[in-house]
Amino acid sequence: FSLLDAPMSVVAAFQSWLARFIVSNDVPTKKPMLDYVDDVGDYVFSCLVHKKCCICGQSADLHHVERVGMGRNRDEIIHEGMEVLPLCREHHTEAHTMPDEAFFKRYHLNGGIKLDKHLCKMYGLKTKK
């Protein structure tokens, strides 16, 4: 089929579907997926669901944009509503070496994704009662 004459809403929906398919099925790409997608938030959410680094596609940990630790015990705090990114160990370490805005700018991110009840359950994190 052709997207040549398709409305932009159809093109955008197809691109989002294709990005989710690539993430969920580990389809290799020549460049990082962030270079291909228009809806960065949807892509990052898909990476969160599939526990893939949103920058390189490797296996990911949660990076809390709102820092955890240093007196904030990750086992006791409510994570629901906190902003996070799925990052591999390398990119997670890099994120902690620079201000958030510099990291976001470097990788063309709009910030993190707020954890909802579903994501908290997936990651085994505390939610609001």
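Shown above is the structure to which this text applies.
These numbers were taken from a predicted model, which means no experiment stands behind them.

## So, the environment of Ser-2
Logical step 1: Structurally, Ser-2 is set in the segment before helix H1 (8-24).
Logical step 2: Here the alpha-carbon distance between Ser-2 and Thr-93, two residues 91 residues apart in the chain, equals 42 Å.
Logical step 3: Within the structure, the side chain of Ser-2 is placed 3.0 Å from the backbone nitrogen of Leu-4, a separation counted as a polar contact.

## Describing a nonpolar patch on the surface
Logical step 1: Together, Trp-17, Leu-18, Phe-21 and Val-27 make up an exposed nonpolar region whose accessible area comes to about 340 Å².
Logical step 2: Of note, Leu-18 is situated in helix H1.
Logical step 3: You can call Leu-18 partly exposed: its relative accessible area is 34%.

## Examining the side chain of Ser-16
Logical step 1: Locating Ser-16 in the fold gives a position in helix H1.
Logical step 2: According to the relative accessible area criterion, Ser-16 is buried, its value standing at 11%.
Logical step 3: Those residues in contact with Ser-16, other than ones at most four positions away along the chain, are Asp-39 and Asp-42.

## Looking at the pattern of salt bridges
A side chain with one charge can pair with a side chain of the opposite charge if their charged atoms come near.
Logical step 1: Applying the stated criterion across every chain yields a total of 5 salt bridges.
Logical step 2: Lys-52 is paired through a salt bridge with Asp-26; the nearest N and O atoms lie 2.6 Å apart. Placement of the pair is Lys-52 in the loop between helix H2 (40-50) and strand E1 (61-64) and Asp-26 in the loop between H1 and H2, with a sequence separation of 26 residues.
Logical step 3: In this structure Lys-52 comes out as buried when scored by relative accessible area, which is 19%.
Logical step 4: For Arg-89, the salt bridge is made with Asp-61, and the minimal N-O distance between the two is 2.6 Å. Taken together, the residues Arg-89 in helix H3 (residues 89-95) and Asp-61 in strand E1 connect sequence positions 28 residues apart.

## Considerations on unusual backbone geometry
Logical step 1: At Asp-26, a residue that is not glycine, the phi angle is positive and equals roughly 50°.
Logical step 2: Phi at Lys-51 takes a positive value of approximately 55°, unusual for a residue other than glycine.
Logical step 3: Within the element layout of this structure, Lys-51 appears in the loop between H2 and E1.

Rules of the game
- Residues numbered from 1 in each chain as written.
- Predicted model: local features only at pLDDT ≥ 70, side-chain atom pairs only at ≥ 80, totals over all residues.
- Heavy atoms only, no water.
- Helix = DSSP H or I, 4+ residues; strand = E, 2+ residues; numbered from the N terminus.
- Polar contact = N/O pair within 3.5 Å; in protein donor to acceptor, adjacent residues only side chain to side chain.
- Patch = residues over 30% accessible without salt bridge, like charges linked within 9 Å, V, L, I, M, F, W, Y side chains within 5 Å.
- Areas by Shrake-Rupley, 256 points an atom, 1.4 Å probe, with all protein chains shown as cover.
- Salt bridge = Lys/Arg side-chain N within 4 Å of Asp/Glu carboxyl O.
- Buried < 20%, exposed > 50% of the residue type's maximum accessible area, 1.4 Å probe, protein only.
- Contact = heavy atoms within 4.5 Å.

It is worth stressing that arrangement in space is one thing and function is another; only the former is reported here.
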